[in-house]
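Chain and residue survey
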There are 2 protein chains.
Amino acid sequence: MCEMIYLPKATLERLKMYKKVLESVRKEYISSEEIAQILAINPELVRKDLSYLKTHGKPKMGYLVSELKKELNDLFGVNDFTSMVVVGANFLGKALATYKPFERAGVKVVAILDTDERNVGERVGDLVVREIGALERVVRRFKVEICGLCVSPDVAQETAQKLIELGVKVIWNFTGVRLSVPEDVLVVDEDFSTRVLDMKRYLLSRKK
Amino acid sequence: MCEMIYLPKATLERLKMYKKVLESVRKEYISSEEIAQILAINPELVRKDLSYLKTHGKPKMGYLVSELKKELNDLFGVNDFTSMVVVGANFLGKALATYKPFERAGVKVVAILDTDERNVGERVGDLVVREIGALERVVRRFKVEICGLCVSPDVAQETAQKLIELGVKVIWNFTGVRLSVPEDVLVVDEDFSTRVLDMKRYLLSRKK
DNA sequence: TAGATTGTTAATCGATTAACAATC
DNA sequence: TAGATTGTTAATCGATTAACAATC
(Lines give C-alpha, C1' and ligand atoms only; values in the text may rest on other atoms or scores of the structure.)
Protein backbone atom coordinates (compact mmCIF):
# COMPACT_ATOMS: atom_id res chain seq x y z
CA MET A 1 0.00 0.00 0.00
CA CYS A 2 2.02 3.00 1.21
CA GLU A 3 5.66 2.75 2.22
CA MET A 4 6.34 4.52 5.49
CA ILE A 5 8.51 7.61 4.93
CA TYR A 6 11.16 8.27 7.52
CA LEU A 7 10.37 11.35 9.55
CA PRO A 8 12.51 13.00 12.24
CA LYS A 9 10.75 12.91 15.61
CA ALA A 10 10.56 16.68 15.86
CA THR A 11 9.08 16.90 12.39
CA LEU A 12 6.43 14.30 13.15
CA GLU A 13 5.47 16.27 16.22
CA ARG A 14 4.94 19.39 14.15
CA LEU A 15 3.09 17.59 11.36
CA LYS A 16 0.40 16.86 13.94
CA MET A 17 0.22 20.57 14.68
CA TYR A 18 0.00 21.48 11.00
CA LYS A 19 -2.81 18.99 10.61
CA LYS A 20 -4.71 20.68 13.39
CA VAL A 21 -4.07 24.16 12.00
CA LEU A 22 -5.34 23.10 8.57
CA GLU A 23 -8.60 21.86 10.04
CA SER A 24 -9.68 25.41 10.74
CA VAL A 25 -8.36 26.99 7.55
CA ARG A 26 -11.03 28.11 5.09
CA LYS A 27 -8.77 29.14 2.21
CA GLU A 28 -7.63 27.21 -0.83
CA TYR A 29 -3.93 27.88 -0.29
CA ILE A 30 -1.84 28.58 2.79
CA SER A 31 1.77 29.77 2.95
CA SER A 32 4.49 28.48 5.24
CA GLU A 33 4.58 32.00 6.67
CA GLU A 34 0.94 31.80 7.74
CA ILE A 35 1.26 28.38 9.32
CA ALA A 36 4.41 29.51 11.09
CA GLN A 37 2.73 32.61 12.46
CA ILE A 38 -0.17 30.64 13.94
CA LEU A 39 2.21 28.25 15.66
CA ALA A 40 4.83 30.84 16.55
CA ILE A 41 7.65 29.01 14.78
CA ASN A 42 9.90 29.78 11.78
CA PRO A 43 8.49 29.50 8.26
CA GLU A 44 11.73 27.84 7.15
CA LEU A 45 11.02 25.07 9.61
CA VAL A 46 7.53 24.60 8.23
CA ARG A 47 8.89 24.33 4.69
CA LYS A 48 11.58 21.91 5.74
CA ASP A 49 8.99 19.73 7.48
CA LEU A 50 6.61 19.80 4.53
CA SER A 51 9.46 18.95 2.16
CA TYR A 52 9.37 15.42 3.60
CA LEU A 53 5.90 15.02 2.08
CA LYS A 54 4.90 14.41 -1.53
CA THR A 55 2.89 17.62 -1.59
CA HIS A 56 4.73 20.58 -3.10
CA GLY A 57 3.94 24.20 -2.55
CA LYS A 58 3.55 26.68 -5.38
CA PRO A 59 5.80 29.76 -5.32
CA LYS A 60 3.70 32.87 -4.75
CA MET A 61 0.76 30.71 -3.66
CA GLY A 62 1.78 28.42 -0.84
CA TYR A 63 0.43 24.93 -0.23
CA LEU A 64 -2.89 23.61 -1.52
CA VAL A 65 -4.80 23.08 1.72
CA SER A 66 -6.95 20.19 0.52
CA GLU A 67 -3.95 18.29 -0.81
CA LEU A 68 -1.95 18.85 2.35
CA LYS A 69 -4.83 17.78 4.56
CA LYS A 70 -5.30 14.64 2.52
CA GLU A 71 -1.65 13.69 2.71
CA LEU A 72 -1.53 14.28 6.45
CA ASN A 73 -4.66 12.20 6.91
CA ASP A 74 -2.99 9.37 5.00
CA LEU A 75 0.23 9.78 6.95
CA PHE A 76 -1.61 9.23 10.23
CA GLY A 77 -4.05 6.69 8.83
CA VAL A 78 -6.99 8.77 9.93
CA ASN A 79 -9.28 7.46 7.22
CA ASP A 80 -9.71 3.90 8.35
CA PHE A 81 -11.03 3.64 11.86
CA THR A 82 -9.26 2.10 14.81
CA SER A 83 -11.27 0.58 17.63
CA MET A 84 -10.55 1.65 21.17
CA VAL A 85 -11.87 0.24 24.41
CA VAL A 86 -11.94 2.14 27.70
CA VAL A 87 -11.25 0.16 30.85
CA GLY A 88 -12.30 1.88 34.06
CA ALA A 89 -15.60 3.75 34.15
CA ASN A 90 -14.54 6.59 36.43
CA PHE A 91 -14.82 10.21 35.34
CA LEU A 92 -11.70 9.96 33.21
CA GLY A 93 -12.86 6.80 31.49
CA LYS A 94 -16.22 8.34 30.79
CA ALA A 95 -14.54 11.47 29.44
CA LEU A 96 -12.58 9.34 26.95
CA ALA A 97 -15.63 7.29 26.06
CA THR A 98 -17.59 10.40 25.14
CA TYR A 99 -14.79 12.44 23.59
CA LYS A 100 -16.29 13.73 20.34
CA PRO A 101 -13.15 14.77 18.40
CA PHE A 102 -11.94 11.16 18.19
CA GLU A 103 -14.35 10.83 15.31
CA ARG A 104 -12.22 13.10 13.14
CA ALA A 105 -9.03 11.35 14.22
CA GLY A 106 -10.15 7.93 13.05
CA VAL A 107 -10.67 6.48 16.50
CA LYS A 108 -13.91 4.87 17.62
CA VAL A 109 -14.57 3.98 21.25
CA VAL A 110 -16.47 0.70 21.00
CA ALA A 111 -16.94 -0.09 24.69
CA ILE A 112 -16.36 1.02 28.26
CA LEU A 113 -15.86 -1.63 30.92
CA ASP A 114 -15.56 -1.68 34.67
CA THR A 115 -14.72 -4.22 37.33
CA ASP A 116 -17.14 -2.72 39.82
CA GLU A 117 -20.56 -4.39 39.49
CA ARG A 118 -22.26 -1.23 40.67
CA ASN A 119 -21.12 0.72 37.62
CA VAL A 120 -22.15 -1.92 35.12
CA GLY A 121 -25.26 -0.95 33.15
CA GLU A 122 -24.77 2.79 33.54
CA ARG A 123 -25.27 4.81 30.36
CA VAL A 124 -22.25 6.76 29.11
CA GLY A 125 -23.01 8.65 25.92
CA ASP A 126 -24.04 6.06 23.36
CA LEU A 127 -22.50 3.25 25.37
CA VAL A 128 -23.44 1.25 28.42
CA VAL A 129 -20.81 0.24 30.97
CA ARG A 130 -20.11 -3.47 30.62
CA GLU A 131 -18.58 -5.92 33.04
CA ILE A 132 -14.88 -6.58 32.69
CA GLY A 133 -15.69 -10.16 31.68
CA ALA A 134 -16.84 -8.85 28.32
CA LEU A 135 -13.32 -7.65 27.51
CA GLU A 136 -12.26 -10.63 25.43
CA ARG A 137 -15.47 -10.66 23.44
CA VAL A 138 -15.27 -6.93 22.78
CA VAL A 139 -11.61 -6.98 21.72
CA ARG A 140 -12.22 -9.91 19.35
CA ARG A 141 -15.44 -8.62 17.89
CA PHE A 142 -14.25 -5.06 17.19
CA LYS A 143 -10.58 -5.83 16.55
CA VAL A 144 -9.64 -3.42 19.33
CA GLU A 145 -6.10 -2.05 18.99
CA ILE A 146 -6.08 0.78 21.53
CA CYS A 147 -7.06 0.75 25.18
CA GLY A 148 -7.64 3.82 27.31
CA LEU A 149 -6.50 2.50 30.67
CA CYS A 150 -8.25 4.33 33.50
CA VAL A 151 -8.23 1.70 36.23
CA SER A 152 -6.82 2.28 39.71
CA PRO A 153 -3.04 1.98 40.07
CA ASP A 154 -3.15 -1.30 41.99
CA VAL A 155 -4.66 -3.22 39.07
CA ALA A 156 -2.95 -1.27 36.28
CA GLN A 157 -0.20 -3.78 35.48
CA GLU A 158 -2.40 -6.86 35.58
CA THR A 159 -5.06 -5.21 33.44
CA ALA A 160 -2.41 -4.17 30.93
CA GLN A 161 -1.18 -7.76 30.84
CA LYS A 162 -4.63 -9.07 30.08
CA LEU A 163 -5.12 -6.52 27.32
CA ILE A 164 -1.81 -7.41 25.73
CA GLU A 165 -2.64 -11.11 25.81
CA LEU A 166 -5.82 -10.30 23.93
CA GLY A 167 -3.75 -8.54 21.27
CA VAL A 168 -4.23 -4.87 22.13
CA LYS A 169 -1.27 -2.97 20.65
CA VAL A 170 -1.45 0.46 22.27
CA ILE A 171 -2.09 1.29 25.89
CA TRP A 172 -3.01 4.86 26.61
CA ASN A 173 -2.06 4.85 30.24
CA PHE A 174 -3.81 7.24 32.59
CA THR A 175 -3.00 5.25 35.73
CA GLY A 176 0.29 6.94 36.58
CA VAL A 177 1.90 3.50 36.93
CA ARG A 178 5.02 2.63 34.94
CA LEU A 179 3.90 -0.39 32.95
CA SER A 180 6.15 -3.23 31.80
CA VAL A 181 5.14 -4.38 28.37
CA PRO A 182 6.69 -6.32 25.48
CA GLU A 183 8.59 -4.08 23.11
CA ASP A 184 6.03 -4.41 20.35
CA VAL A 185 3.40 -2.72 22.52
CA LEU A 186 3.22 1.06 22.65
CA VAL A 187 2.51 2.70 25.99
CA VAL A 188 1.46 6.34 25.86
CA ASP A 189 1.66 7.80 29.34
CA GLU A 190 -0.69 10.55 30.34
CA ASP A 191 0.32 11.72 33.76
CA PHE A 192 -1.51 14.77 34.99
CA SER A 193 0.55 15.18 38.14
CA THR A 194 3.76 15.25 36.11
CA ARG A 195 2.17 17.69 33.72
CA VAL A 196 1.37 20.20 36.45
CA LEU A 197 5.05 20.41 37.38
CA ASP A 198 5.66 22.59 34.33
CA MET A 199 2.95 24.92 35.54
CA LYS A 200 4.35 24.96 39.06
CA ARG A 201 7.79 25.90 37.79
CA TYR A 202 6.36 28.55 35.51
CA LEU A 203 4.54 30.12 38.44
CA LEU A 204 7.72 29.98 40.50
CA SER A 205 9.68 31.69 37.75
CA ARG A 206 7.13 34.52 37.59
CA LYS A 207 7.74 35.22 41.24
CA LYS A 208 11.44 35.43 40.34
CA MET B 1 14.39 33.24 48.19
CA CYS B 2 15.84 30.83 45.63
CA GLU B 3 17.38 32.00 42.39
CA MET B 4 16.07 30.10 39.39
CA ILE B 5 18.82 27.94 37.88
CA TYR B 6 18.90 27.81 34.10
CA LEU B 7 17.95 24.37 32.85
CA PRO B 8 17.93 23.11 29.25
CA LYS B 9 14.42 22.21 28.16
CA ALA B 10 15.27 18.55 27.61
CA THR B 11 16.84 18.37 31.04
CA LEU B 12 13.80 19.90 32.72
CA GLU B 13 11.63 17.33 30.98
CA ARG B 14 13.72 14.51 32.41
CA LEU B 15 13.95 16.02 35.87
CA LYS B 16 10.19 15.52 36.07
CA MET B 17 10.70 11.88 35.19
CA TYR B 18 13.44 11.44 37.79
CA LYS B 19 11.13 12.97 40.36
CA LYS B 20 8.51 10.41 39.54
CA VAL B 21 10.97 7.54 39.61
CA LEU B 22 12.24 8.59 43.03
CA GLU B 23 8.73 8.54 44.46
CA SER B 24 8.64 4.78 44.26
CA VAL B 25 12.22 4.14 45.36
CA ARG B 26 12.61 2.60 48.81
CA LYS B 27 16.38 2.69 49.08
CA GLU B 28 18.65 5.27 50.66
CA TYR B 29 20.86 5.71 47.58
CA ILE B 30 20.25 5.28 43.88
CA SER B 31 22.83 5.26 41.08
CA SER B 32 22.54 7.01 37.73
CA GLU B 33 22.67 3.53 36.20
CA GLU B 34 19.52 2.44 38.04
CA ILE B 35 17.56 5.56 37.17
CA ALA B 36 18.68 5.23 33.57
CA GLN B 37 17.59 1.62 33.38
CA ILE B 38 14.11 2.37 34.65
CA LEU B 39 13.65 5.13 32.09
CA ALA B 40 15.54 3.38 29.29
CA ILE B 41 18.02 6.22 28.78
CA ASN B 42 21.79 6.58 29.20
CA PRO B 43 23.29 6.86 32.69
CA GLU B 44 25.61 9.59 31.40
CA LEU B 45 22.58 11.65 30.55
CA VAL B 46 21.18 11.20 34.03
CA ARG B 47 24.45 12.35 35.57
CA LYS B 48 24.66 15.32 33.25
CA ASP B 49 21.12 16.33 34.16
CA LEU B 50 21.69 15.92 37.87
CA SER B 51 24.91 17.93 37.64
CA TYR B 52 22.74 21.02 37.16
CA LEU B 53 21.47 20.53 40.71
CA LYS B 54 23.17 21.28 43.99
CA THR B 55 22.94 17.65 45.04
CA HIS B 56 26.10 15.65 44.42
CA GLY B 57 26.35 11.92 44.09
CA LYS B 58 28.85 9.85 46.03
CA PRO B 59 31.22 7.63 44.02
CA LYS B 60 30.42 3.97 44.67
CA MET B 61 27.11 4.96 46.28
CA GLY B 62 25.07 7.04 43.89
CA TYR B 63 22.69 9.83 44.86
CA LEU B 64 21.04 10.24 48.25
CA VAL B 65 17.39 9.70 47.41
CA SER B 66 15.96 11.92 50.15
CA GLU B 67 18.22 14.82 49.21
CA LEU B 68 17.45 14.48 45.51
CA LYS B 69 13.73 14.30 46.17
CA LYS B 70 13.89 17.38 48.32
CA GLU B 71 15.79 19.38 45.74
CA LEU B 72 13.41 18.36 42.96
CA ASN B 73 10.45 19.30 45.13
CA ASP B 74 11.99 22.73 45.65
CA LEU B 75 12.77 23.07 41.97
CA PHE B 76 9.14 22.57 41.07
CA GLY B 77 7.78 24.41 44.08
CA VAL B 78 5.77 21.39 45.15
CA ASN B 79 5.82 22.27 48.81
CA ASP B 80 3.64 25.34 48.79
CA PHE B 81 0.23 24.69 47.34
CA THR B 82 -1.18 26.30 44.23
CA SER B 83 -4.94 26.71 43.88
CA MET B 84 -6.64 25.45 40.76
CA VAL B 85 -10.20 25.92 39.63
CA VAL B 86 -11.96 23.68 37.14
CA VAL B 87 -14.37 25.33 34.73
CA GLY B 88 -16.76 22.94 33.01
CA ALA B 89 -18.34 20.14 35.01
CA ASN B 90 -18.39 17.51 32.28
CA PHE B 91 -16.66 14.15 32.76
CA LEU B 92 -13.25 15.65 32.07
CA GLY B 93 -13.77 18.50 34.52
CA LYS B 94 -14.94 16.09 37.17
CA ALA B 95 -11.95 13.86 36.51
CA LEU B 96 -9.61 16.80 37.14
CA ALA B 97 -11.56 17.90 40.19
CA THR B 98 -11.19 14.48 41.80
CA TYR B 99 -7.67 13.65 40.63
CA LYS B 100 -5.93 12.41 43.77
CA PRO B 101 -2.26 12.67 42.78
CA PHE B 102 -2.46 16.47 42.54
CA GLU B 103 -2.07 16.43 46.30
CA ARG B 104 1.53 15.23 46.01
CA ALA B 105 2.25 17.73 43.25
CA GLY B 106 1.30 20.76 45.30
CA VAL B 107 -1.93 21.49 43.46
CA LYS B 108 -5.28 21.84 45.17
CA VAL B 109 -8.53 22.00 43.24
CA VAL B 110 -10.58 24.52 45.19
CA ALA B 111 -13.73 24.62 43.06
CA ILE B 112 -15.53 23.29 40.01
CA LEU B 113 -17.91 25.56 38.17
CA ASP B 114 -20.38 25.20 35.32
CA THR B 115 -22.52 27.50 33.24
CA ASP B 116 -25.32 25.00 33.01
CA GLU B 117 -27.83 25.55 35.85
CA ARG B 118 -28.74 21.87 35.80
CA ASN B 119 -25.26 20.81 36.87
CA VAL B 120 -24.97 23.30 39.71
CA GLY B 121 -25.27 21.69 43.12
CA GLU B 122 -24.07 18.28 42.00
CA ARG B 123 -21.54 16.64 44.30
CA VAL B 124 -18.10 15.92 42.78
CA GLY B 125 -15.74 14.34 45.28
CA ASP B 126 -15.40 16.80 48.15
CA LEU B 127 -16.72 19.66 46.03
CA VAL B 128 -20.10 20.83 44.86
CA VAL B 129 -20.53 22.26 41.37
CA ARG B 130 -20.99 26.03 41.61
CA GLU B 131 -22.49 28.46 39.16
CA ILE B 132 -20.09 30.30 36.91
CA GLY B 133 -21.01 33.54 38.64
CA ALA B 134 -18.97 32.41 41.62
CA LEU B 135 -15.77 32.48 39.54
CA GLU B 136 -14.55 35.88 40.64
CA ARG B 137 -15.22 35.19 44.30
CA VAL B 138 -13.44 31.83 44.13
CA VAL B 139 -10.39 33.16 42.30
CA ARG B 140 -10.01 36.04 44.77
CA ARG B 141 -10.64 34.01 47.87
CA PHE B 142 -8.29 31.13 47.05
CA LYS B 143 -5.74 33.11 45.02
CA VAL B 144 -6.34 30.74 42.10
CA GLU B 145 -3.42 30.61 39.66
CA ILE B 146 -4.31 27.62 37.48
CA CYS B 147 -7.52 26.85 35.65
CA GLY B 148 -8.43 23.49 34.15
CA LEU B 149 -10.48 24.65 31.19
CA CYS B 150 -13.02 22.00 30.21
CA VAL B 151 -15.75 24.11 28.65
CA SER B 152 -17.13 23.54 25.15
CA PRO B 153 -15.07 24.96 22.27
CA ASP B 154 -17.50 27.74 21.46
CA VAL B 155 -17.02 29.47 24.81
CA ALA B 156 -13.35 28.55 25.31
CA GLN B 157 -11.82 31.87 24.24
CA GLU B 158 -14.25 34.06 26.14
CA THR B 159 -13.92 31.97 29.28
CA ALA B 160 -10.15 32.15 29.03
CA GLN B 161 -10.41 35.92 28.70
CA LYS B 162 -12.48 36.18 31.84
CA LEU B 163 -10.05 33.99 33.77
CA ILE B 164 -7.11 36.08 32.67
CA GLU B 165 -8.85 39.30 33.69
CA LEU B 166 -9.29 37.80 37.13
CA GLY B 167 -5.55 37.14 37.28
CA VAL B 168 -5.32 33.42 36.53
CA LYS B 169 -1.79 32.77 35.23
CA VAL B 170 -1.97 29.27 33.76
CA ILE B 171 -4.69 27.80 31.57
CA TRP B 172 -4.67 24.07 31.23
CA ASN B 173 -6.61 23.88 28.04
CA PHE B 174 -8.66 20.76 27.33
CA THR B 175 -10.95 22.47 24.84
CA GLY B 176 -8.95 21.80 21.68
CA VAL B 177 -9.22 25.49 20.78
CA ARG B 178 -6.12 27.54 20.06
CA LEU B 179 -6.35 30.29 22.66
CA SER B 180 -5.02 33.83 22.25
CA VAL B 181 -3.60 35.04 25.52
CA PRO B 182 -1.18 37.74 26.71
CA GLU B 183 2.40 36.55 26.70
CA ASP B 184 2.61 36.43 30.48
CA VAL B 185 -0.06 33.74 30.60
CA LEU B 186 0.92 30.10 30.12
CA VAL B 187 -1.39 27.89 28.07
CA VAL B 188 -0.82 24.16 28.41
CA ASP B 189 -2.70 22.38 25.64
CA GLU B 190 -4.05 18.92 26.24
CA ASP B 191 -5.44 17.67 22.99
CA PHE B 192 -6.53 14.05 23.01
CA SER B 193 -7.32 13.91 19.33
CA THR B 194 -3.83 15.12 18.46
CA ARG B 195 -2.38 12.64 20.91
CA VAL B 196 -4.03 9.67 19.25
CA LEU B 197 -2.29 10.50 15.97
CA ASP B 198 0.93 9.04 17.36
CA MET B 199 -0.92 5.84 18.11
CA LYS B 200 -2.50 5.77 14.69
CA ARG B 201 0.88 6.12 13.00
CA TYR B 202 2.41 3.50 15.25
CA LEU B 203 -0.34 1.05 14.28
CA LEU B 204 0.19 1.90 10.63
CA SER B 205 3.93 1.27 10.93
CA ARG B 206 3.30 -2.17 12.46
CA LYS B 207 1.34 -3.13 9.38
CA LYS B 208 4.42 -2.21 7.36
C1' DT C 1 9.86 41.88 -15.40
C1' DA C 2 9.54 42.28 -10.26
C1' DG C 3 8.01 40.22 -6.22
C1' DA C 4 6.66 36.58 -3.42
C1' DT C 5 7.26 32.22 -1.94
C1' DT C 6 9.15 27.56 -2.22
C1' DG C 7 12.85 24.17 -1.48
C1' DT C 8 17.57 23.09 -0.48
C1' DT C 9 22.21 23.56 1.09
C1' DA C 10 25.34 25.35 4.51
C1' DA C 11 26.04 27.21 9.17
C1' DT C 12 24.77 27.23 13.78
C1' DC C 13 22.97 25.70 17.82
C1' DG C 14 21.68 22.47 21.34
C1' DA C 15 21.39 17.92 23.04
C1' DT C 16 23.34 13.27 23.50
C1' DT C 17 26.98 10.09 23.76
C1' DA C 18 31.77 8.69 24.42
C1' DA C 19 35.82 8.93 26.95
C1' DC C 20 38.10 9.32 30.98
C1' DA C 21 40.01 11.50 35.11
C1' DA C 22 38.59 12.16 39.96
C1' DT C 23 37.03 10.14 44.12
C1' DC C 24 35.21 7.35 47.66
C1' DT D 1 44.68 -1.23 46.51
C1' DA D 2 40.97 -2.39 43.18
C1' DG D 3 36.52 -1.45 41.74
C1' DA D 4 32.54 1.19 41.22
C1' DT D 5 30.53 5.27 40.33
C1' DT D 6 30.49 10.29 39.77
C1' DG D 7 31.32 14.52 37.12
C1' DT D 8 33.27 16.85 33.23
C1' DT D 9 35.27 17.61 28.80
C1' DA D 10 35.41 16.44 23.98
C1' DA D 11 33.15 14.29 19.99
C1' DT D 12 29.09 13.26 17.68
C1' DC D 13 24.60 13.62 16.36
C1' DG D 14 20.27 15.79 15.25
C1' DA D 15 17.50 19.76 14.87
C1' DT D 16 16.97 24.67 13.80
C1' DT D 17 18.15 28.76 11.48
C1' DA D 18 20.34 31.45 7.83
C1' DA D 19 21.20 32.14 3.19
C1' DC D 20 19.94 31.97 -1.29
C1' DA D 21 18.89 29.97 -5.82
C1' DA D 22 14.77 28.29 -8.27
C1' DT D 23 10.22 29.17 -9.82
C1' DC D 24 5.68 30.76 -10.65
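Conventions and cut-offs
- Residues numbered from 1 in each chain as written.
- Chains lettered and ligands numbered in written order.
- Predicted model: local features only at pLDDT ≥ 70, side-chain atom pairs only at ≥ 80, totals over all residues.
- Heavy atoms only, no water.
- Core = buried A, V, L, I, M, F, W, Y, C linked by side-chain atoms within 4.5 Å.
- Buried < 20%, exposed > 50% of the residue type's maximum accessible area, 1.4 Å probe, protein only.
- Contact = heavy atoms within 4.5 Å.
- Buried area = accessible area lost by both parts, 1.4 Å probe.
- Salt bridge = Lys/Arg side-chain N within 4 Å of Asp/Glu carboxyl O.
- Helix = DSSP H or I, 4+ residues; strand = E, 2+ residues; numbered from the N terminus.
- Least-squares fit on C-alpha atoms with pLDDT ≥ 70 in both.
- Axes fitted to C-alpha atoms, helices over the stretch in contact; angles between N-to-C directions.
- Parallel < 35°, antiparallel > 145°, perpendicular 65-115°, else oblique.
- Left-handed = near helix turned anticlockwise from the far one by under 90°.
- Near = heavy atom within 4 Å.
- Polar contact = N/O pair within 3.5 Å; in protein donor to acceptor, adjacent residues only side chain to side chain.
- Nonpolar A, V, L, I, M, F, W, Y, C, P; charged D, E, K, R; others polar.
- Pairing = 2+ DSSP bridges.
- Right-handed = clockwise from strand over helix to strand, strands pointing away.

This next bit is on the nonpolar core. If you look at the biggest cluster of nonpolar residues, it comprises 54 residues, and the most contacted ones within it are A:Phe102, A:Trp172, B:Phe102 and B:Trp172. Other than its neighbours up to four places away in sequence, B:Phe102 contacts A:Phe192, A:Val196, B:Met84, B:Leu96, B:Val107, B:Val109 and B:Trp172.

One frequent convention defines the size of an interface as the accessible area lost when the parts assemble. Taken together, the contact between chain A and chain B spans 65 residues of the former and 64 residues of the latter. Carbon and sulfur atoms make up 66% of the surface buried where chain A meets chain B, a total of about 5,900 Å² over both sides. Linking chain A to chain B there are 10 salt bridges. For the side of chain A that touches chain B, the element with the highest residue contribution is helix α9 (residues 192-206) of chain A, accounting for 15 residues.

Glancing now at the relation of the copies chain A and chain B. Screw-axis analysis of chain A against chain B gives a translation of 0.0 Å along the axis, an RMSD of 0.0 Å, and a rotation angle of 180 degrees. Those values place the two copies in the arrangement expected of a two-fold rotation axis. Every residue of chain A has its C-alpha some distance from the rotation axis, and the shortest such distance is that of A:Phe91, at 2.5 Å. In this assembly the copies share their binding face: 98% of the residues contributing to the interface of chain A also contribute to that of chain B.

This part covers the packing of helix α1 (residues 9-23) of chain B against helix α4 (residues 65-75) of chain B. Residue and element names in this part refer to chain B. Where α1 contacts α4, the two axes come as close as 10 Å, and the packing angle between them is 135 degrees. With respect to α4, the element α1 is oriented oblique. Here the hand of the crossing between α1 and α4 comes out left-handed. Note on element contacts: α4 touches α1 through Val65, Leu68, Lys69, Leu72, Asn73 and Leu75, opposite Leu15, Tyr18, Lys19, Leu22 and Glu23.

Neighbouring DNA strand C are 21 residues; A:Ser32, A:Arg47, A:Lys60, A:Tyr63 and B:Arg14 lie closest to it. If you look at DNA strand C and keep only atoms within 4 Å of the protein, 61% of those are sugar or phosphate atoms. Between DNA strand C and the protein, one listed contact pairs a sugar or linking oxygen with a backbone N or O atom of A:Lys60 at 3.2 Å. Among the residues making up the surface near DNA strand C, the classes are represented as 6 nonpolar, 6 polar and 9 charged.

Residue and element names in this part refer to chain B. Counting buried residues along strand β4 (residues 107-114), 7 of its 8 residues qualify, which places the element largely inside the surrounding structure. Where strand β3 (residues 82-87) and β4 come together, 6 bridges link them in parallel fashion. In the sheet register, valine 87 faces β4, and the bridge partner there is leucine 113. Traced from β3 through helix α5 (residues 91-97) to β4, the parallel crossover comes out right-handed. Bridge count for β4 against strand β7 (residues 130-131) is 2 bridges, and the pairing is parallel. Paired with leucine 113 across the two strands is arginine 130, which belongs to β7.

Below, the discussion takes up the pattern of salt bridges. Applying the stated rule across the entire model yields 28 salt bridges over all chains. Of the charged contacts in the structure, one is a salt bridge between A:Arg118 and A:Asp116, with a shortest N-O distance of 2.7 Å. In this structure, B:Arg140 engages B:Glu136 in a salt bridge whose closest nitrogen and oxygen atoms are separated by 2.6 Å. Residue B:Arg140 and its partner B:Glu136 are located together in helix α6 (residues 135-142), separated by 4 residues, close to a single helical turn. Exposure remark for B:Glu136: the relative accessible area of 40% places this residue in the partly exposed category. In the salt-bridge network here, residues are joined through shared partners; they are A:Glu13, A:Lys16 and B:Asp198.

Turning next to the sheet that holds β4(B). Taken together, the 6 strands give an open sheet; going across it, the order is β7-β4-β3-β8-β9-β10 (chain B), and neighbouring strands pair in parallel fashion. Only two strands of the sheet have a single partner each, and these edge strands are β7 and β10 (186-189) of chain B. Across the face of the sheet, α9(A) comes into contact with β3, β4, β8 (144-149), β9 (170-173) and β10 of chain B while running at roughly 155 degrees to β9(B). Running at roughly 170 degrees to β8(B), helix α7 (residues 156-165) of chain B makes contact with β3, β8 and β9 of chain B of the sheet.

In the vicinity of DNA strand D lie 20 residues, with B:Ser32, B:Arg47, B:Gly57, B:Lys60 and B:Tyr63 positioned nearest. Of what DNA strand D places within 4 Å of the protein, 62% of the atoms are sugar or phosphate. Within the side chain of B:Ser32, an N or O atom sits 2.6 Å from a phosphate oxygen of DNA strand D. At 3.2 Å, a backbone N or O of B:Lys60 approaches a sugar or linking oxygen of DNA strand D. Contributions of two or more residues to the surface near DNA strand D are made by α1 (9-23) and α3 (43-50) of chain A together with α3 (43-50) of chain B. For the surface near DNA strand D, the element with the most residues is α1(A), which contributes 3 residues.

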